[in-house]
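Given next are the chains, with one letter for each unit.
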Amino acid sequence: MMHPHVEKILLDEKQINERVKQLGRQITQDYQGESILMVGILKGAMIFLADLVRNIDIPTYFDFMAVSSYGSGTVSSGVVRILKDLDKSIEGKHVIIVEDIVDTGLTLQYLLENMKSRGPATLKVCTLLDKPDRRKVEVPIDYNGFSIPDEFVVGYGLDYNERYRNLPYIAVLKQEIYKG
Ligand code: XMP
Ligand code: MG
């Protein structure tokens, strides 16, 4: 069922499920014999992470970080503030940053620098969505669910003003909703 505020569904539940399964299998293969620490970036990556880890078949731990870019609305400023830091040290661990979406790349660039300085054994990035058209800085992405066009999307963890995170698909809202 489509929410009345939704203009179009970009990725439906089936497409997301299949891709998340593939990513889980690939991570399982790539880290055979190791254990991994998935660092979910709150709140957007919460649902993706929850589904992804259930498709990973090696010892998997998780921790979370919450960050906010200064400024509001749909534009990223690049200045990042930590709202919630990791609970534990990541030194010597195989860390995978789990993001909902990489847009300009500024948030991820900050996260990578920040986490590298804490001395993980390895550091990789897994994002559900990538909007390559909007990139301002080059960032390495090891696992990408889907590349999408430059449109503001909601659902499956992603929000507009904190709403619509619970939609089970990725969608674009009607113009009048974004105007408020
Ligand atoms: P940057 O530009 O730093 O942005 O790569 C990453 C963060 O910006 C938010 N973002 C979105 N959130 N729908 C959303 O709900 C979108 O289409 C979108 N594009 C960027 C998101 O918080 C992400 O972590
Ligand atoms: Mg958001």
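Structural data are supplied above this passage.
Just so it is clear, the structure is predicted and the values come from calculations on it, not from any experiment.

A.B. asks: Just give me the short version of the site of ligand 1, but keep the residues and values in it.
C.D. replies: Surrounding ligand 1, one finds 16 residues, the nearest of these being Thr104, Gly105, Thr107, Val153 and Asp159. Aspartate 100 places a side-chain nitrogen or oxygen 3.1 Å from an oxygen atom of ligand 1. Lysine 131 is positioned such that a nitrogen or oxygen atom in its side chain is 2.9 Å from an oxygen atom of ligand 1. If ligand 1 stood free it would expose 500 Å²; the protein chains cover 86% of that surface.

A.B. asks: Which residues make up the sheet that holds strand 6 (residues 122–130), and what are the values?
C.D. replies: Strand pairs in the sheet, formed through backbone hydrogen bonds, run parallel or antiparallel to each other. Ordered in space as 4-3-2-5-6-7, the six strands form an open sheet in which the pairing is mixed. Only two strands of the sheet have a single partner each, and these edge strands are strand 4 (80–84) and strand 7 (143–147). Averaged over neighbouring strand pairs, the angle between their axes works out to 30 degrees when direction is ignored. Alignment of strand 2 (residues 36–42) against strand 5 (residues 94–102), held across five bridges, turns out to be parallel. Directly across from methionine 38, in strand 5, lies its bridge partner isoleucine 96. Along the sheet, helix 1 (residues 13–30) makes contact with strand 2, strand 5, strand 6 and strand 7, crossing strand 7 at roughly 160 degrees. Contacting strand 2, strand 3 (60–69), strand 4, strand 5 and strand 6, helix 3 (residues 106–116) runs over the sheet at an angle of about 165 degrees to strand 5.

The rules behind these values
Residues numbered from 1 in each chain as written. Chains lettered and ligands numbered in written order. Predicted model: local features only at pLDDT ≥ 70, side-chain atom pairs only at ≥ 80, totals over all residues. Heavy atoms only, no water. Near = heavy atom within 4 Å. Polar contact = N/O pair within 3.5 Å; in protein donor to acceptor, adjacent residues only side chain to side chain. Areas by Shrake-Rupley, 256 points an atom, 1.4 Å probe, with all protein chains shown as cover. Pairing = 2+ DSSP bridges. Helix = DSSP H or I, 4+ residues; strand = E, 2+ residues; numbered from the N terminus. Axes fitted to C-alpha atoms, helices over the stretch in contact; angles between N-to-C directions. Contact = heavy atoms within 4.5 Å.

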